[in-house]
Each structure stands twice: as C-alpha cells, then as structure tokens.
Amino acid sequence: MGRDMIDQAVIYIDGKFYSKDEAKISVYEHGFLYGDGVFEGIRVYGGRAFMLDEHVSRLYESAHSIDLEIPVSEEKMRTIVLETIKRQGSADSYVRLIVTRGVGNLGLDPRSCKKGPSIIAIVESLKPLYDKPVRAIVPSVRRNAITALNPQIKSLNYLNNILAKIEATKAGADEAIMLDQRGFVSEGTGENIFILKDGKLVTPPSSSSVLVGVTRNLVLKLAKEEGIPTEERDLTVHDIYNADEAFLTGTAAEVAPIAELDGRKIGGGRLGPVTERLRRRFREFIKRNGTSP
Ligand code: PMP
C-alpha cells in the first residue's frame, strides 16, 4: 500500500534517540548484510499504540524461531515503543520496530555478532492513507514455502514480497495477491486477504503460507461479533474472481477493498456493504482501544 509520511521522525537505537539524519547503523550489521533479524509495524491512533501487546508478542515469536534472543523483556520493549511514540509527538503515526542479529563479520554465522542484537524503533507521522479500491494481480512468484522460510516469521528479508510487488507495479496494478507453493491463494505483499461469498467471510489458513496478521485476527473477531459466519480455508484464484466482496487487511492497509484481480471485477468493483460494515466496526474498535504512552 502506498503511504504518505511526513519527514518528522524519531528513532530509538539501543538506548538513545536520534533524528532521521542522525540515525545510522553499521555496514557489518547482519540485519543489513543478510536480512537477519525480525520486525513489526505498529499504528498509533490518537496518540495510542494500537494492538501493541499482539505486535510485541509476535515479534518475540519471530525472534524465537530464528534463535535470536531479544535482550530485553516484552514489557521493556513496550516501554521503548511508547517512549519513542511520546518523543515523536504525533497523534497518528507508524512505528517500525526492528531487532537485528547485530554487528558481526562478513560470514553469515550469527556467532560473529558478539555484541548481540540491536533494538531499533522508528516512529514517523502518518497521514490518512489514500483510500480507493485496490487493483491487484496474481504474480508469477509464489509465496515462500513454509518448509523453506515460514512466512509466520516476520523477518527482515522481504524479497519474496518485493518481487511480487515489482510484478504488480510493472503490470500497472496496486498490489499482488500471492499464491502458496500448491497454487492456493496466500496473501498480499503486506496484507492478508478475505472474501465474502454467500454471506460467509473466508480467509486462507496459516497453512497457506500467510503471516497471521493482527488485523486479520481482529477482523475475524469483529465479524463473529457482527454475526457474520467466518471460515479459514484454502481459496483458489477462481474463488477470488467470483467473490461477492474481497478486501485486504493489515496494519498499514487497515481494511482495504479489492476492486479487481487480473482485470476481473470483484463484486461491483467497489466497496461492498459487508466490507463497509466491517470497516466501521474496525474504526469503532480503534476509538476504544490502544495503549497510551
Ligand atoms: N502479511 C504480510 C506479509 C505482512 O507483512 C503483513 C503486515 N505485517 C500482514 C500480512 C498483515 O499483518 P498485520 O495485520 O499484523 O499488520
């Protein structure tokens, strides 16, 4: 999703705060050399961090999976995020929280990173996102196999997603809907996908090579509260083409309707009534929830 950020940023690196110009990392950082690290993207609405516990918890799970021991507690991590948000000062912002393997030598063995992981939090102002239904394509590149690099690990290596995004933009589309190794629908390059068919809301399960999104889980919960039946099951491209409605969910994208896939209009090619209802519920939930610095 495109995002329009204002220049004002505050960056936390290992205990100190910097401006955008001052914030620097070493070229020997394995996060830079190999994408060896993990991250999260978190929204701030009205000065409060949205779904902070869920994001921090997922960060620690990603880190644990790559055998990276984060040197502070989850509670301390939340404090770091909240302090950086406070210093940045905007009501609506975006936090990029990163934990890297650290500075080592040019070999890929993490044991050379003797000083240990770095913790980085970038907070930038975020204007409301451009809001028009998404035009997507199915790219030729497949989502990473769970058996190679599990998409549940939100690692610093996003090349798989970037390749798909490049295909989409070269084709004149906004977004790519990736397939898993079996050819079933997986997810967008930074969002999960949902369809509505005959009144039921369906999204691919974690076995379809998806990152199980915080927004995805929340939308499933809100749908249940609204009395909309939900199901996690494998979806084909045919299912998406012929859906009554389809939308993407993500921290940056929020709940974004899909207008068309591979030139086939979905529903009426515009925001559908159930998507609209869920968007309203999502906004109401945001107003009531969040962690203040
Ligand atoms: N899939 C991928 C690949 C992502 O990068 C993201 C963004 N974190 C999502 C899905 C959506 O997850 P969330 O709702 O937690 O932002």
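Up top you'll find the structure we're talking about.
Residues numbered from 1 in each chain as written. Predicted model: local features only at pLDDT ≥ 70, side-chain atom pairs only at ≥ 80, totals over all residues. Heavy atoms only, no water.

## Remarks on the overall build of the protein
Step number 1: When helices and strands are tallied, the protein shows seven helices and 16 strands.
Step number 2: In summary, the protein has a C-alpha radius of gyration of 19 Å against a globular reference of 19 Å for 293 residues, a match within 12%.
Step number 3: Once the C-alpha set of the protein is aligned to its principal axes, its extents read approximately 55 × 40 × 30 Å.
Step number 4: Every one of the 293 residues in the protein was classed for burial, and the buried ones make up 51%.
Step number 5: Across the protein, contacts joining residues at least 24 apart in sequence account for 72% of those joining residues at least 6 apart.
Step number 6: When the accessible surface of the protein is totalled, it reaches about 13,700 Å², and 51% of it is carbon and sulfur.
Step number 7: Here the protein carries 41 positive and 40 negative side-chain charges, and the mean point of each set is 2 Å from the other. (Helix = DSSP H or I, 4+ residues; strand = E, 2+ residues; numbered from the N terminus. Rg over C-alpha atoms; globule rule 2.2 N^0.38 Å. Buried < 20%, exposed > 50% of the residue type's maximum accessible area, 1.4 Å probe, protein only. Contact = heavy atoms within 4.5 Å. Areas by Shrake-Rupley, 256 points an atom, 1.4 Å probe, with all protein chains shown as cover. Lys, Arg positive; Asp, Glu negative; His and termini not counted. Charge placed at Lys NZ, Arg CZ, Asp CG, Glu CD.)

## Examining the site of the ligand
Step number 1: Taken together, 18 residues form the shell around the ligand, and within it Y158, E187, V214, T215 and T251 come nearest.
Step number 2: T215 has a polar side-chain atom sitting 2.6 Å from an oxygen atom of the ligand.
Step number 3: Within the complex, the protein chains bury 96% of what would otherwise be the 390 Å² of accessible surface of the ligand.
Step number 4: The class makeup of the residues in the shell around the ligand is three nonpolar, 10 polar and five charged. (Near = heavy atom within 4 Å. Polar contact = N/O pair within 3.5 Å; in protein donor to acceptor, adjacent residues only side chain to side chain. Nonpolar A, V, L, I, M, F, W, Y, C, P; charged D, E, K, R; others polar.)

## Some thoughts on the side chain of T215
Step number 1: By secondary structure assignment, the location of T215 is in helix α5 (residues 214–225).
Step number 2: Overall, the relative accessible area of 6% leaves T215 in the buried class.
Step number 3: Polar contacts involving the side chain of T215 include one to the main-chain amide nitrogen of T251, which spans 3.3 Å.
Step number 4: Leave out the neighbours within four places in its chain, and T215 touches T249, G250, T251, E254 and F282.

## Description of the packing of helix α2 (residues 52–65) against helix α3 (residues 74–88)
Step number 1: Contact pair α2 / α3: the axes reach a minimum separation of 10 Å and the direction vectors enclose 125°. In terms of orientation, α2 lies oblique with respect to α3. For α2 against α3, the interelement crossing comes out right-handed. Touching L52, D53, V56, S57, L59 and Y60 of α2 are E74, M77, R78, V81 and L82, all from α3. (Axes fitted to C-alpha atoms, helices over the stretch in contact; angles between N-to-C directions. Parallel < 35°, antiparallel > 145°, perpendicular 65-115°, else oblique. Left-handed = near helix turned anticlockwise from the far one by under 90°.)

## A short note on helix α7 (residues 273–288)
Step number 1: A rise of 1.5 Å per residue sets the reference length of α7, with its 16 residues, at 22 Å; its end C-alpha atoms lie 23 Å apart and thus fit the reference within 8%.
Step number 2: Residues V274, T275, L278, R281, F282, F285 and I286 constitute the buried set of α7. Seen along its axis, α7 keeps its buried residues to an arc of 145°; they face one direction. Residues P273 and K287 are exposed on α7 and point more than 90 degrees away from its buried face.
Step number 3: Phi turns positive, to about 135°, at G290, one or two residues after α7. (Expected span 1.5 Å × (residues − 1). Arc of directions from axis to C-beta.)

## What about the side chain of S208?
Step number 1: Assignment of secondary structure puts S208 in the loop between β12 (200–203) and α5.
Step number 2: For S208, a relative accessible area of 0% gives the class buried.

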